[in-house]
Amino acid sequence: MQITWKEVLDELCLDEVAQKGTWSTKPTLGDQVKDSLRCSVPRLKHILLTWIPVLSWLPRYSIRENALGDLISGCSVGIMHLPQGMAYALLASLRPVYGLYTSLFPVLVYFIFGTSRHISIGTFAVISIMVGSVTERLAPDSNFIVNGTNGTETVDIDTRDAYRVQVACALTVLAGLFQILLGVVRFGFVVTYLSEPLIRGYTTGSACHVCVSQLKYLFGVSPSRFTGPLSLVYVSICSLLPQTQVPELVVSLVALAVLIVVKEINDCYRQKLPLPIPIELIVVIAATVITHFCDLPSKYNIDVVGEIPSGLKAPSAPDTTFFSSVIGDAFAVAIVGFAINISLGKTFGLKYGYKVDSNQELVAVGLSNTIGGFFHCYCVTSSLSRSLVQESTGGKTQVAGVISSIIVLITVLKIGPLFEDLPKAVLSTIVFVNLKGMFKQFMDVPLLWKTNKVDLLVWLVTFISTVVLNLDMGLAVAIAFSMLTFIFRTQLPRYSILGNLPGTELYLDTDTYKEVKEIPGIKIFRSSATIYYTNAEMFLDTLQEKSGIEIGKLLSAKKKRDAKQKRKQEKEKKKTKKEAKKQRNGTSVAFSMTETATDGLHKGQVNLAYQPDITMSDSDSDAGYDHITEFSGHGDEAKEQACDSGTHSIILDISTTSFVDTVTVKTLKNIFRDFGQVDLDICLAGCQACVVEQLEAADFFSASIPKTRLFITVHDAVLYILKKRGKADFVLVGHHEYSSHF
């Protein structure tokens, strides 16, 4: 006998009806299973469109509107990819051809999975120098020294370069896996901990490393390389200046001058030029032609790019044995690369009105790195210069990236060997010129000095730590310092006493706004930050200081008075008992004397000398009770001392508090308890719904702290207190009844 799904679902639904007796509006188990089956296809479609965004926009691609702009933009960016790819590969201590590979495969992957329409994925100076620091640390020249034919020691360049490629690919794949993992668990918000001053300070410090690393090509010298902290300080370029190769310096200066002049022309006339002048490609072609036909390598010992193999290499798996050595560097590269990518992507998304999903961007960049690592690419991110060109030349979608990849592919397959005589000094000048935007970030310093000195401190600490401690340790120090500034800002908030702005329902800081007036008898206290365990004690201390009520002294004085009163009462009680006993004894004596007198009358003898003084005991007794009454009249001294300034109520404005922890709950309970003991009313105003729920979960409310002490606004709390005190006629705007909606 076969049982169908429909019968199972119907049975599930009928069982629940039989148990409950009525149909429930809440979805039953059967309904949930039905819904999951019914929605499986739309849900699958939604998942595919979410994880593979190209499926959502490519079918709707408008050839008429977008094709021409993407074609021009793609050609322009592709032309930029060629010189930048080869130049930035030198920063990664790899051969230039690997920069071309990096400008090809990751771009195609991002086309499929990316959500930004305008950024250009590929090589970038900061990421390249981070990769270069790892490759040179794990594969230094000293590990590849071999004996030459004439007995001299030389570096086995081929073996060294092959080993460095393995290191770079392993680093790239691991960084990509980190990014994919963070994206899958929806951890894209991690980039929010990298503030803009931190990123700009870090990229500026990285630019200094890039600049120093390229000096050897400009001057034609071979300095010793150092890795780790203070590596930038140990670079011995200055000591090698006498060994400068003049021909290479001349080539560098000429190329640098041409690049700077033409790029300035591009900037000045970018509104009039249909396309920016591709000066980088022109310089590369011209330098290659001149070097080849003038035979500069043999005549003047000009250092050139060397062999560039044509065609593509077969994909290969990275060497996983390097993972343990590069795990820290991989995480740093993953975070920095994503931070640069998402900041640039969100800038364009905000400008053109489309959404850039940070989690999907993590996955897209991660897949670009992971898949690229199998195809001999190193880590990628978006480039500001190429992205601006892609946007300014009319690029509308990532189809422009595909077109740029086609140009790079043609170069790798057919044209690559033609650039074998390209001087490395020319590639270095291209790197130098493209650092202009990063060095212009030094202008942040005077701007931040005027606007926000804490952000200035973050910028300076990040820059100095990056320059001095190298890229990986510098980033760690920068993040730690940035988090400390956040902690100190929340731990040391600004506390204010609020007053009413006459004619309004607004309550503002009395120290900042002189025209506001405090409500007589009411202190309104506010913190500028969330109250939690690091600042809860300071909140209580500042509340006492601002309100002028030292609750500790008042409670101590109250305890002393209570103890003294108790001792007085006990003493008076004993005295009263003693007097009562004496009175009873006197009464018995009087009774016996009366009998004696009676007997004396009968006998004719009367003792007139003895007259019991009953009024004395009565006087003493009355005096004792009068004293008790007088002391009890001073029982409100605590209240009188607490209200010397006329304060009878305190309103805590906690509208800035977004959550409460156990320390906060305990602090608020203590405030209600201690201030209540000296007859001060405490009210809470501006509680967010989530905070009220957390207070309920923590059993904050009780008979001594009812929910009627909660108010939506400060003005509602003020009206409630005035009405309670019989001062409802106090002049305030908004004569609506107080209400507590919690």
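Residues numbered from 1 in each chain as written. Predicted model: local features only at pLDDT ≥ 70, side-chain atom pairs only at ≥ 80, totals over all residues. Heavy atoms only, no water.

1. Section: the sheet that holds strand β5 (residues 495-500)
Stated formally: Think of it this way: DSSP has to see at least two bridges between two strands before they count as a pair. Helix and strand definitions here come from DSSP, where helices need a minimum of 4 consecutive H or I residues and strands a minimum of 2 consecutive E residues; each element is numbered from the N-terminal end. Contact definition: two residues touch when any of their heavy atoms are within 4.5 Å. Here an angle of 0 to 180 degrees is reported between the N-to-C directions of two axes, which are lines fitted to C-alpha atoms, with helices fitted over the stretch in contact.
Spatial ordering of the open sheet is given by β6-β5-β7-β8-β9-β10, a layout of six strands whose pairing is mixed. Bordering the open sheet on either side are β6 (507-509) and β10 (710-711), each of which pairs with just one other strand. Helix α25 (residues 536-547) rests against β5, β7 (522-527) and β8 (649-653) of the sheet, and its axis sits at about 145° to β7. Contacts from helix α31 (residues 714-724) reach β6, β7, β8, β9 (681-685) and β10, with the element oriented near 165° to β8.

2. A closer look at the confidence of the model for the chain
The condition is simple: What pLDDT reports is the predictor's confidence in each residue, on a scale of 0 through 100.
For the chain, the mean per-residue pLDDT works out to 81, and 81% of the residues sit at or above 70. Confidence scores differ between elements of the chain, with helix α27 (residues 614-632) showing the lowest mean pLDDT of 37 and helix α7 (residues 105-113) the highest of 95. Note on residues 600-635: pLDDT is under 50 here. Beyond four places in sequence and across chains, it has 20 contacts.

3. Brief notes about the environment of Cys211
Inspection of the secondary structure puts Cys211 in helix α10 (residues 196-219). Once residues lying within four places of it in the same chain are set aside, the contact partners of Cys211 are Phe432, Leu435 and Phe439.

4. Looking at the pairing of β8
On a regular strand, one side chain projects to one face of the sheet and the next to the other, so that they alternate. Counted only if it meets this: With a 1.4 Å probe rolled over the protein chains alone, any residue whose accessible area is under 20% of its type maximum counts as buried; one over 50% counts as exposed, and the rest are partly exposed.
Of all five residues making up β8, five are buried, and the element is well covered by its neighbours. Residues Ser649, Ile651 and Asp653 line one face of β8 and the alternating positions Ile650 and Leu652 line the opposite face, and both faces are buried. Pairing between β8 and β9: five bridges, direction parallel. Looking at the pairing, Ile650 lines up with Ile682 of β9.

5. Some remarks on the environment of Leu198
Within the fold, Leu198 resides in helix α10. Look at Leu198 and you get buried, because its relative accessible area is 1%. Linking Leu198 and Val461, residues 263 residues apart in sequence, is a C-alpha distance of 8.7 Å.

6. Looking at unusual backbone geometry
Unlike most non-glycine residues, Arg186 shows phi in positive territory, near 60°. Inspection of the secondary structure assignment puts Arg186 in the loop between α9 (157-184) and α10. Arg186 sits in the partly exposed class, given a relative accessible area of 39%. The phi dihedral of Asp295 is positive, around 55°, even though this residue is not glycine. You can see Asp295 is positioned in the loop between α14 (279-294) and α15 (296-300).

7. Let's talk about the pattern of salt bridges
For clarity, the threshold we go by: The salt bridge definition used is simple: a Lys or Arg side-chain nitrogen within 4 Å of an Asp or Glu carboxyl oxygen.
Under the defined criterion, the tally for this structure stands at 22 salt bridges. A salt bridge links Arg95 to Asp158, with the nearest nitrogen and oxygen atoms 2.6 Å apart. Of the two residues, Arg95 is situated in the loop between α5 (63-91) and α6 (96-102) and Asp158 in helix α9; the sequence distance between them amounts to 63 residues. Classification of Arg95 by relative accessible area gives partly exposed; the value is 27%. Asp158 sits in the exposed class, given a relative accessible area of 53%. Across the pair Asp674 and Arg673 runs a salt bridge, and its minimum N-O distance is 2.9 Å. Of the residues examined, Asp674 reaches a relative accessible area of 14% and is grouped as buried.

8. Considering the UniProt feature "transmembrane region" (unreviewed entry) in the chain
Rules: UniProt positions are given in the numbering used here, feature names are shortened, and annotations may be inferred rather than shown by experiment.
According to UniProt, the "transmembrane region" (unreviewed entry) feature falls on residues 88-113, 167-189, 249-266, 273-293, 322-344, 399-419 and 456-488. With 77% helix and 0% strand, the stretch residues 88-113 has end C-alpha atoms that lie 25 Å from each other.

9. Describing the packing of aromatic side chains
To keep it simple, the criterion reads: Each pair of aromatic rings taken from Phe, Tyr and Trp, with Trp reduced to its six-membered ring, is defined by centres within 6.5 Å and is described as stacked if the planes are under 30 degrees apart, edge-to-face if over 60, and tilted in the remaining cases. Consider the ring centre and the ring normal. A charge sits over the ring if Lys NZ or Arg CZ is within 6 Å of that centre and within 35 degrees of that normal.
For the structure shown, the criterion picks out 18 aromatic pairs. For the pair Trp57 and Phe111, a centre-to-centre distance of 5.7 Å together with 85° between the ring planes defines the contact as edge-to-face. Of the two residues, Trp57 sits in helix α4 (residues 54-57) while Phe111 sits in helix α7, which places them 54 residues apart along the sequence. Between Phe711 and Tyr720, the ring centres sit 5.1 Å apart and the planes meet at 40°, which makes this aromatic pair tilted. Note on Tyr720: relative accessible area 16%, which makes it buried. Members of the aromatic cluster, each reached through a chain of ring pairs, are Phe439, Phe442, Trp459 and Phe463. We note Lys453 situated over the ring of Trp449; from NZ or CZ to the ring centre the distance is 4.6 Å. The lysine or arginine in question, Lys707, covers the ring of Phe701, its NZ or CZ lying 5.6 Å from the ring centre.

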